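What follows is the residue order along each chain.
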Amino acid sequence: MKKSYLIRFAILGLVLSWLFLVGCGESRQPYAGIYRSAEPFAGKGHIDLELKENGEATWKMPESGKSIKFKWRVEEGRLWFYTKEGGIIILTPSDGGQKLSADMTGQWNPSCPKDSCVLFERQKGGGS
């Protein structure tokens, strides 16, 4: 009987620790909003990006009608996007979160390579 209580207590402790760690990321609030690519992407038009404070994001290509859903978080001053397939895209904010640059190389680079970078600009009425 005593072992049962110890096991339950240990499980509860692990669950609470996990919940604490998951909630420890940096605030999403400064970056939540609507962004648009500064230039057309890959000859297929502009990209619209909506970042919600709850960690959901939508990447839309209005001309083609396609959209992709992401989960996102802020860590070490960068925005980390996670796809359902397991891919990660790292965006670097600048100008107080008014601009985001996305490295599309599939590798992390200290600065976004010009030919593989998508620059997003916050739209009016698009958050902070």
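See the structure above.
Below, the structure is looked at part by part. These numbers were taken from a predicted model, which means no experiment stands behind them.

Moving on, we come to the pairing of strand β5 (residues 78-82). Residue alternation in β5 divides its side chains into a buried set, L79 and F81, and an unburied set, R78, W80 and Y82. Here five bridges tie strand β4 (residues 66-75) to β5, and the two strands are oriented antiparallel to one another. Within β5, the position partnered with V74 by the bridge is L79. By the bridge criterion, four bridges tie β5 to strand β6 (residues 88-94) in an arrangement that is antiparallel. Bridge pairing in β6 places L79 opposite L91. Linking β5 back to β6 in an antiparallel pair, the connection comprises five residues, with G86 at a positive phi of about 100 degrees.

This part covers the side chain of S37. Inspection of the secondary structure assignment puts S37 in strand β1 (residues 33-37). S37 sits in the buried class, given a relative accessible area of 3%. One polar contact links the side chain of S37 to the main-chain carbonyl oxygen of E39, over a distance of 3.0 Å. Polar side-chain contacts of S37 include one of 2.8 Å to the backbone nitrogen of I47. Sequence-distant contacts of S37, defined by excluding residues within four places in its chain, comprise H46, I47, V118, L119 and F120.

The next subject is unusual backbone geometry. The backbone of E76 sits at a positive phi, close to 55 degrees, despite the residue not being glycine. Assignment of secondary structure puts E76 in the loop between β4 and β5. Take E76: its relative accessible area is 61%, and that puts it in the exposed class. If you check the backbone angles, D95 has positive phi at about 50 degrees while not being a glycine. Along the chain, D95 turns up in the loop between β6 and β7 (99-103). For D95, a relative accessible area of 51% puts it in the exposed group.

Looking now at the nonpolar core. For soluble globular proteins, the rule of thumb is that nonpolar side chains tend to be buried together. In terms of nonpolar packing, the biggest core is built from 19 residues, with L49, L51, L79, F81, L91, L100 and F120 touching the most fellow members. Of all the elements in the fold, those that place two or more residues in this core are β2 (48-51), β3 (56-61), β4, β5, β6, β7 and β8 (117-127). When near neighbours in sequence (up to four residues on either side) are disregarded, L91 contacts L49, R78, L79, F81, L100, S101, A102 and F120.

With that settled, consider the pattern of salt bridges. Under the criterion given, the structure shown has four salt bridges. D48 serves as the salt-bridge partner of R36, at 2.8 Å between the closest nitrogen and oxygen. Here R36, found in strand β1, pairs with D48, found in strand β2; they are 12 residues apart in sequence, far enough to count as distant.

Definitions and cut-offs
- Residues numbered from 1 in each chain as written.
- Predicted model: local features only at pLDDT ≥ 70, side-chain atom pairs only at ≥ 80, totals over all residues.
- Heavy atoms only, no water.
- Buried < 20%, exposed > 50% of the residue type's maximum accessible area, 1.4 Å probe, protein only.
- Helix = DSSP H or I, 4+ residues; strand = E, 2+ residues; numbered from the N terminus.
- Pairing = 2+ DSSP bridges.
- Polar contact = N/O pair within 3.5 Å; in protein donor to acceptor, adjacent residues only side chain to side chain.
- Contact = heavy atoms within 4.5 Å.
- Core = buried A, V, L, I, M, F, W, Y, C linked by side-chain atoms within 4.5 Å.
- Salt bridge = Lys/Arg side-chain N within 4 Å of Asp/Glu carboxyl O.

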